[in-house]
Structure formats: structure tokens, C-alpha cells
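One letter stands for each residue in the lines below.
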Amino acid sequence: MDVINDWENQALTNRNRLAARAYFMGYASPELAATYSRELSRGFVQLSGPWRFRLFDSPRSVPAATMATYADEWDEVEVPHMWQVDGYGKLAYTDEGFPFPVDQPFVPGDDPTGVYQRIVTLPELAAGSREIIRFDGVESYAELYVNGTYVGMTKGSRLSAEFDITDFIHAGDNLFVVKVLQYSDGTYIEDQDMWWASGIFRDVYLMERPAARLDDFYVRTHRTGDAAELTIDVRTTAAERIVWRFATAGTTVAETEIDPATGRAALTIDDARFWNPEDPFLYDMTIEVYGADGLSEVVPRRQGLAEVTIENGRILLNGTYFKMHGVNRHDGDDHKCRAVGLERMRRDLELMKRHNINAVRTSHYANDPRFYELCDEYGIMVLAETDMESHGFENIGNIATVTDDPAWEPAYVDRIERLVMQERNHAAIVAWSLGNESGYGCNIRAMYAKAKELDGRPVHYEEDRNADTVDIISTMYSRVSQMNDFGEHPGPKPRINCEYGHSMGNGPGGLSEYQQIFDRWDNLQGQFIWEWCDHGIAAVDENGRAYHMYGGDNGDYPNNGNFCIDGMVFPWQEPSPGLTEYKHVICPVRVAFDAATGELTVTNKRWFTTLADIRIVLETLVDGDPVASREVVPGEVAPGESATIPVTVDAAACGETLLTARVFTTQAKPWCEPMYQIGVYQFAVANTGHAVIEVPAAAAPTVDEAECLLTVTTRDARIAFDLASGEIRDWRSCGRTVVAAPIKVGFWHPLVDNHQQEFDSIWQENFINVMQTSTRSVTWHREGPAVVVEVAQRIAPPVHAFGMRCTLVYTIWPSGRVDLAVSGEPYGDFCDIIPRIGISFEVPGEDRAVEWYGHGPGENYPDSLKANPVGHYRAKVDDMFTPYVFPQDCANREGVRWVALRSSHGDGLLVTRPVGVDAATDPFSFSAWPYTCEDIDAARHVCDLEPRDTVTVNINDQVLGLGSNSWGSEVLDSYRIRFERFSFAFSLRPLASADIVAGLAPIKEV
């Protein structure tokens, strides 16, 4: 603030308040790149007056109507809205279809239109000054009128537009009117996968520019050893002297004057500190413009020094090789749709950095100018995409309908030109992108030529599949095997996977296998998860219950349903389990441990900085509980290098010994506190198991066989079997219910989005989700001190002639423990993949305290485990349920050795593998919900779910991996399970309040 105030005082000394207001904006002509001051990127600064103000907000308080006016006062905390979220018309969602007949360039005659107006009091302009109005986002077409006179129009919804209104205003009150149409011919190239919404959704503001002013500037960096050689081109009006200066911590490090005649200059910064995503250093750059009366304006900018080149088919940043571990990001706010405020942008970037993400693709349009400034600040590399997608033409058989039509070339070129001209001074931008899913044709070649004319950085466009024109080869949703082929057989240009890992609902799975391929091959230089955040819009149902809307919830038709709910972050900006997994998969500090040699190897997978800030906490676990801890310091390990540290781990004489390595950074950063965990690894050390303790059995159970009921009674328990169905009808121990609903063998769980294609092509037509159970026989006999009940069942779908012949063997021991062994023999011709193989039952609703030894603490699946090491964990059933916008299977925990569900009094049920089975080498999985499977499958929103007075428990021998096949990759073969022969067994033991289960030795009754 001291520097800013000094600049203000310099301007005021020259009696030029208008200059002071202008340079705080840092803007000039329509071509000028956005240059925010340091304070602006952190919030609004009020200095000598309302130097920046929002002109128009969306209507909120008047009845819904096609034509609307609004002239409320600006609130600095508020941001503009899309008018549909304020009650004007309805939001609609389609993935690729235009919401009107395709008849380019025509749009519907009934085109929803909004009219915004505001009276603004303006002072008299100084001689030679100009008044500029700027729109950072208006969708999709706008006309500006000032004092009743037409000024101009703008298209390009997510691109900024400026108008010189000097000749239309006067001192005093001025009437500003903006007419906005929802659809225009520009809509045909704005068919991105998102809500159809309209209005002024980014800031609108006025700038008063002095007579002597900066109109444009363009800074380029070239690295020579440790020195930065910088060049600048400027355009000015009435400038007689121009000073260009770089400073840091208040000290000038380089300065020169720019010749106003040529507009060019060069300077060198010795021992320069170059920008990179791990150390995003920014210099304080200023450009001072002097006119006939002296200093006219000062344009401040935080400038990073970055040079992006391609050498030998590899992208280099300041001469250094790197990889992008990124995400695709749409603008999104669950209350304001695409109207995204500064704090939400900050939260997005902080979450990215906290999850080891170093790159973002601005899919599929230019972002708010402040976003690029924040990427400079936080250290996020940007694949800067312009506002371009014509996906809807795919529905008429030619996605390139307008892309390969020369008549559309000006519109295409305009969109990349405006983006590059505005944002090319940002160090964070490593490449430009010409748009998305618009086919390939002459207009792409024209866009590329314009981008290269304006800036030298690489250019990307995925549908130029072989990069005949662009500089980067790119694919979407390539499978792991395909990416390996691409890496093994590199092309002449660098390659990225601009979309993969489709994050719809629960998932994605298989990220670890992808990462192994990305790490293996140097020519694979980046991957971008689809996508960052769910597009859900907050709503409340008629009963006051909150939920989030998606396609079809507004009566919009046609729609693509919940296909917009496909982010790694929930609409309320909370990380999903998928994002947590991604964080650990891409952790830039890799740890390996060889238990045989006792060597811990730490590898630096950063690209620019050492591991000087890294501490690794090693924790020895025995049967899931920590018994020892120590810290190791890898030291200043250089990028790409490794350090080997001797580590001694004492294996337990009895039980399973694991070593967990947690990686922390000691540095406090804008996005994290000191000792923030950036990764976790776990290694098996030893497994000696527990000796089986043989104890004399209590009195053998008694058996009472009535007409339809078989009752087995032990000292403390009573179990009643239905002799017709073979199901447990009642199980009580010490006077309380143990199981509240029958135990059933199952192959289905609530459908997850990532299995939708399997459902559509396999499960639905084979009725896997509605298989029926028929009991063929129920018999019983005594076996030593136990009673054995054997049930033969057929589980099969309607319509078809295949199924599974299952045998369930219940062994009831005198202690009240029940061992259940299940085997299945398929018949018929179906042997495809299925969701799971296991059992389900219900326990009393008070049994909501869950304790387990297995992967945790968070949700995990067979192909999504890295973020959740094995340990001894506790949770509540309700807290374990993941609130996916579209309810689906969740709460699974893998690698489980045992699990207990208990009431607040401590009694409940313990599930383990049977005595004699090593659960460490043959673990299982479980999930527990306050709902039934049918409840979840029937729900379309979280508000549809009503908690029951029982808890559903699923104990699974096998669970299908997640994959990302909602639109991406199928489940990898190693994580598939099939409708084939199986056998498994579990032991179920009632628990009393005093029972301790951790480290419990197996007991065999003899």
C-alpha cells in the first residue's frame, strides 16, 4: 500500500486525479493486457474515491420477466449473476446439443432478452482524457447505449470487451443501458458442456484514461544462463517519456527508458529469479508515462519471468523440462452459475495447490482476467483456452460445419486474438488452446497463424489429432494402454492428454496406473483430469431440504441429466474422494522402502526446486496402531535425484507390521500452513500373524425345529432360521437384536456413474440389478460343539436362463459366534463383469459407531487406494456416507481385516475372516449406510434420501473397481470381477460393551 500511495501522490502532485484512477486499473485500450495491482488481486482497494465500481448486477427483487431492468446500488461483496438463477427464465443443461434448431447463423425468433440500465454521475473529463467502459463477461450478445445513443455491440461471451464512450457522456448524470440477448450467431461456437445461461456475469466498470497514456505493452523473456534478457513493445498516446522499471522488495533491479517513437526497449536482470509453478516469484514492474505536463500515469504489474520453448519434441520452461499434472476447470458457483467471485477463484487455486496440482486448462473459454493473475501468484501453469466450441454440429453429422467454413474465419480468429492480446504478459500461461470439440478445418489454421503472430508460446488444439498445424499432440480419454503406446512410440512434438479420468460421481479409479505411464515416458508432458468442479446449482425442495440441481431439474428438455455433475470438487467447493486420491497419486515426493535392506529411497519428482523443505514422518504400525515414530530429512535433493536413508523397523513378534511414510512441507505458503501433508506411502514390513487360541467350548447349542422355524440357542444368543427361505429371521444376543434384517448374498450395489455404460450395455438387459433368490433346501446337523445350517439357493435374473447356484453354510458356535461360508457355481452363458460379490444385512439403527482395521480413513475402492493407508480407524455411519449430488454407491473401505459396528453403549457386531484365515493376505471390504441399496438407487438427489432406523451393512469378498467409464476408461482387467465360481467366508460375532477388538487373537472353540 505504501508504494501504491506514493504513486497516487505523484499523480496528484501533477493535479491529475483521473490519472491516479486510471493507473490503479492498469487497463488502457481494448488490446491492452490486463494489469491488476497487487492489492486488486486480493480484493477491492478504496483510495481517493470510487475508482472502480460495478455498473450492473442481475435483477433479484422484481418479478420474473423476459425484459428486466435493474439499477440497484453496487455491493462490493456481490458479483453479477446469470439472470436464470435470479428467476428470469430457466436454466437448461445439454452436453453437446444446441437447445434450438440448427440453422446457422440463425437463432430462435423468441430470443430471451434482458435490459440493464443505470444512471452514473460523472465529472468533467480533463482535456485529452478518454472514458472507457469494460465488460469482462456478457452472454451471449450485448448492445451498449449511452444517453440514448447506440455505442456498439459485443459477442464472445467469455472474452472482455471495451468501448470508448468519451463522445457519448457529459458531466453529470448519464444513462447507461445494455441490451443482452441469450442467443446469437456466436452461440453456434459457444456450445461448451455446461448450463445454458445468460446475462452480465462478470464485472463492468469505467476507466478514465489521461491524455498521455499507455495503450498496450508486451513483455518477452529470454533466459541466458542466470540472466533474464527482457524486451518490451509498447503503444502510447501523447507520451514524451516512458520509464520501464523492475523492482523487488522495494529495490530497483533494472531500469531503462523506452523510446516513444519506436515503442521498444530491452533490459537485462542479472541473477534473475525466474517464475515456475514451484517458486512463482513475481517482480514489481512499472511503466511510467510522462506527457507534456510531466508524469501522467503509472501502470504497475506483478511480472513473472518465463520463457516457454519446444526443443527436441519437449516443452521447456526457462530451459527446464517439466510435466503438467492438471485439471480442466469451468467457471462454476453453485449459487451464481458462471458468475464467479474473486474469493471462489482463490479457493479453487488453493485447493489445487493443496492437492499437488500444478496446471489448469481453462475449459473451454477465457477466464476472468483476475484468474490468470492469481495463477501467476499461486504457481499454476495455464493451458489458456479461448471461447470456442461447436460440439452441437456433431448431431447433424459434421462437427466441423462452421469450423471449415471460411465465412466464419473472422469470428474464429477474433476469439483467439482477443485472448492472446489480453493475457500474453502472464508468466503462468505455458500454451494457448484454440478451443474444444469443434472439428478441424481452415479456421483452426487461421487461428493458429494469428496466435503465433501475436505470441511465441506453443499452441494446442486436440482435434488437430496429429498436430499437423498446432505444436502439441493431444488426445482425450486415451486408455492406459494407448498412452503407453504413445510414450513408447513418440512423435516429433510433445504430447498431452487434455482430458482423462472423467470424474463423474464416485471416482475416477485407475489414476495410479495412468500415472505410472505418465511418469515412464518423457514425451507425455501433461494430463488434465475432467473436470474440476461439479456444476450443480443449489436449490431447496418443497420441504425445505437442500439439494443441487442438474439437467432436467428446471423442466428443461432435451437435457443431459447429471452429466454436468462430473467434478473432483463438490459444488460447495469441498474435495471429493477422487481429488484426495489424485493428490497422492501425483505427489511430487516419491518414497520407496525395501524391508529386506532397510533402505528408504526418497525421489524428487519436482521439476524446479529441491526437497530442502521436506520432512518425512515414519510411523510403525502393529495391527493398525502406531507403536513408534521418527522423522527423516532427505535434504536438498535436486529435481529428478534420489536420496537413500537407512531405516530400521522393528517387526512385531506377533501381528502385522506396517511402515507408513507421511510427507510434509515445512514451508508456510499462501495455500498451506507449515507441516502440511502432501503425500502418504505405506509398506509391508512383516506379518507373523496371531496364534490361534483354543478354548473349551461351552455347552453345545440347543435346537428347536418347529414347522417353519429352526431356532438355535446358545448360552447368550438365540438365532431363528426360516426353514422355507433359509434366512435368519431373528438373531438376539444378551437380550438385544444383532441383525435386524436377513443376511443375503448379493452381486449388485447402487449404480455408480462410472458404471453407467456397463449398466446400459450389460447389466440392464441381463437384469443384474433385480436378481431373484429362490431357496431350494434348508438342512441342519451337528458338527462337534457347533450346529451347522446349510442353505441351497438359486440367485438369477428374470427373463434369462442363467444364474448362480449358491450354498450358504452357517456354523453356530456355543459362544454365539456365527461363521458363514458362501460358495457359488454359475450356470448358463453369462460370465461378464458384475459390481460385487458379498453379503448384505441390516443392524439396529443405534449401531452407528464403526471401527475397522483396513484402508482409511476415507472412502476407497480397489483401484483408488493411494490416499488411504491401512490403519485402525473409527467413524460414524452418517459421516461415512459421501454426499454425491446424484446418490450412488459410496462409503466402501478396502483391505479390511475386521470391522465392528457398535451402539453408544458399546455392544454390537464384529465381522472378521474365520479362524485360520489370515485377513492380512485375504482381506475384505465393507460399507455401511443409513439407507438401503434400493433407497439409494431410487434417489435422484440427496434430499430424496430419508435415513432409516436400521443401518445397512455390506460385507464384500470382491468389489468391482471404479474406472472412469461414465465417459473415459473402463475398469482395468486387474480390478474386474466376473459372474464366475466363487467362495468366501466370514465370521460374525456379537459384541458386549466391554469387548475390545483391536489386536484380538483368534479363538477356536474345541
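Residues numbered from 1 in each chain as written. Predicted model: local features only at pLDDT ≥ 70, side-chain atom pairs only at ≥ 80, totals over all residues. Heavy atoms only, no water.

Caption draft 1: Up close: the overall build of the chain. Of regular secondary structure, the chain possesses 12 helices and 59 strands. What you see for the chain is a C-alpha radius of gyration of 32 Å, in line with the 30 Å of a compact globule of 1006 residues. Considering only C-alpha atoms, the chain reaches an extent of 110 × 65 × 50 Å along its principal axes. Taken across its 1006 residues, the chain has 62% of its residues classed as buried. Counting only contacts in the chain whose residues sit at least 6 apart along the sequence, the fraction spanning at least 24 positions is 71%. When the accessible area of the chain is evaluated, it comes to approximately 36000 Å², of which 49% is carbon and sulfur surface. Averaging the coordinates of the 87 positive side-chain charges in the chain and doing the same for the 149 negative ones gives two points 2 Å apart. (Helix = DSSP H or I, 4+ residues; strand = E, 2+ residues; numbered from the N terminus. Rg over C-alpha atoms; globule rule 2.2 N^0.38 Å. Buried < 20%, exposed > 50% of the residue type's maximum accessible area, 1.4 Å probe, protein only. Contact = heavy atoms within 4.5 Å. Areas by Shrake-Rupley, 256 points an atom, 1.4 Å probe, with all protein chains shown as cover. Lys, Arg positive; Asp, Glu negative; His and termini not counted. Charge placed at Lys NZ, Arg CZ, Asp CG, Glu CD.)

Caption draft 2: Molecular detail of the packing of aromatic side chains. According to the stated counting rule, one finds 37 aromatic pairs in the structure shown. Here the aromatic rings of Phe802 and Phe830 are separated by 4.8 Å at their centres, their planes lie at 20 degrees, and the arrangement is stacked. On the criterion of sequence distance, the pair formed by Phe802 in the loop between β47 (786-796) and β48 (803-812) and Phe830 in the loop between β49 (818-827) and β50 (836-844) is long-range, its members being 28 residues apart. Comparing Phe802 with Phe830 shows no difference in burial state: the two are buried. Through pairs of rings, three or more aromatic residues link up here, namely Phe747, Phe802, Phe830, Phe924, Phe979, Phe982, Phe984 and Phe986. Here the basic side chain of Arg495 rests over the ring of Phe486, its NZ or CZ set 3.7 Å away from the ring centre. A cation over an aromatic ring shows up here: Arg805 above the ring of Tyr827, its NZ or CZ 4.1 Å from the ring centre. (Phe/Tyr/Trp six-rings, centres within 6.5 Å; stacked < 30°, edge-to-face > 60°. Lys NZ or Arg CZ within 6 Å of the ring centre and 35° of its normal.)

Caption draft 3: Summary view of the nonpolar core. Judged by nonpolar contacts, the single largest core of 115 residues is most densely connected at Leu434, Trp532, Tyr582, Leu600 and Ile616. Not counting the four nearest positions on each side in its chain, Leu600 is found in contact with Val591, Ala592, Phe593, Leu618, Val632, Ala643, Thr644, Ile645 and Val647. Of all hydrophobic cores here, the second largest spans 77 residues; its members include Phe570, Ile839, Ala891 and Val953. (Core = buried A, V, L, I, M, F, W, Y, C linked by side-chain atoms within 4.5 Å.)

Caption draft 4: Spotlight on the packing of helix α5 (residues 409-423) against helix α6 (residues 442-454). Between α5 and α6, whose axes approach to 9 Å, the crossing angle comes to 25 degrees. If you check the angle between α5 and α6, you find them roughly parallel. Seen along the crossing, α5 lies across α6 with a hand that is right-handed. Within the contact between the two elements, α5 uses Glu409, Tyr412, Val413, Ile416, Glu417, Val420 and Met421 and α6 uses Asn443, Ala446, Met447, Lys450, Ala451 and Leu454. Of the residues that constitute the contact of α5 with α6, the class distribution is 9 nonpolar, 1 polar and 3 charged. (Axes fitted to C-alpha atoms, helices over the stretch in contact; angles between N-to-C directions. Parallel < 35°, antiparallel > 145°, perpendicular 65-115°, else oblique. Left-handed = near helix turned anticlockwise from the far one by under 90°. Nonpolar A, V, L, I, M, F, W, Y, C, P; charged D, E, K, R; others polar.)

Caption draft 5: The arrangement of the sheet that holds strand β29 (residues 524-529) in detail. Strand order in the open sheet formed by 8 strands is β26-β25-β24-β23-β22-β29-β28-β27, with parallel pairing between adjacent strands. With one partner strand each, in any of the chains shown, β26 (459-460) and β27 (473-476) form the two edges of the open sheet. As paired strands, strand β24 (residues 381-385) and strand β25 (residues 429-433) are joined by 4 bridges and run parallel to one another. Within β25, the residue paired with Val382 across the bridge is Ile429. Against the sheet, α5 engages β24 and β25, with an angle of about 165 degrees to β25. (Pairing = 2+ DSSP bridges.)

Caption draft 6: Summary view of the pairing of strand β58 (residues 982-991). The buried fraction of β58 amounts to 7 of the 10 residues, a majority that puts the element mostly inside the structure. Sheet topology places β49 next to β58; 7 bridges connect them, and they run antiparallel. Each residue of the ladder has a partner; that of Gly824, found in β58, is Phe982. With 5 bridges joining them, strand β55 (residues 908-912) and β58 adopt antiparallel strand pairing. Each residue of the ladder has a partner; that of Thr912, found in β58, is Ser987.

Caption draft 7: α6, seen in detail. Taking 1.5 Å per residue, 13 residues should reach 18 Å; α6 reaches 19 Å between its end C-alpha atoms and fits that length. Along α6, the residues that are buried comprise Cys442, Asn443, Ile444, Ala446, Met447, Tyr448, Lys450, Ala451 and Leu454. Contacts from the buried residues of α6 go to β12 (213-224), α5 and β26. (Expected span 1.5 Å × (residues − 1).)

Caption draft 8: Geometry of the environment of Ile762. Its location among the elements puts Ile762 in helix α10 (residues 756-763). Since its relative accessible area comes to 14%, Ile762 is described here as buried. For the pair Ile762 and Asp832, spaced 70 residues apart in sequence, the C-alpha separation works out to 7.8 Å. Those residues in contact with Ile762 that sit more than four places away from it in its chain are Phe830, Asp832 and Ile833.

Caption draft 9: Quick peek at the side chain of Arg424. Residue placement: Arg424 occurs in the loop between α5 and β25. Look at Arg424 and you get buried, because its relative accessible area is 7%. In this structure the side chain of Arg424 is engaged in a polar contact, spanning 2.9 Å, whose partner is the backbone oxygen of Leu454. Contact partners of Arg424, with chain neighbours within four places excluded, come to Asp216, Tyr218, Trp432, Leu454, Asp455 and Arg457. (Polar contact = N/O pair within 3.5 Å; in protein donor to acceptor, adjacent residues only side chain to side chain.)

Caption draft 10: Spotlight on the pattern of salt bridges. As enumerated under the stated definition, the model contains 66 salt bridges in all. Across the salt bridge formed by Glu462 and Arg465, the nearest N and O atoms sit 2.9 Å from each other. Among the residues examined, Arg465 registers a relative accessible area of 46% and is labelled partly exposed. We note a salt bridge from Arg736 to Asp907, for which the minimum N-O separation is 3.3 Å. Of this pair, Arg736 sits in strand β44 (residues 736-739) while Asp907 sits in the loop between β54 (898-902) and β55, and the two are 171 residues apart along the sequence. Among the residues examined, Arg736 registers a relative accessible area of 14% and is labelled buried. Salt bridges here are not isolated pairs; linked through shared partners, they connect Glu139, Arg158, Glu190, Arg338, Asp387 and Arg415. (Salt bridge = Lys/Arg side-chain N within 4 Å of Asp/Glu carboxyl O.)

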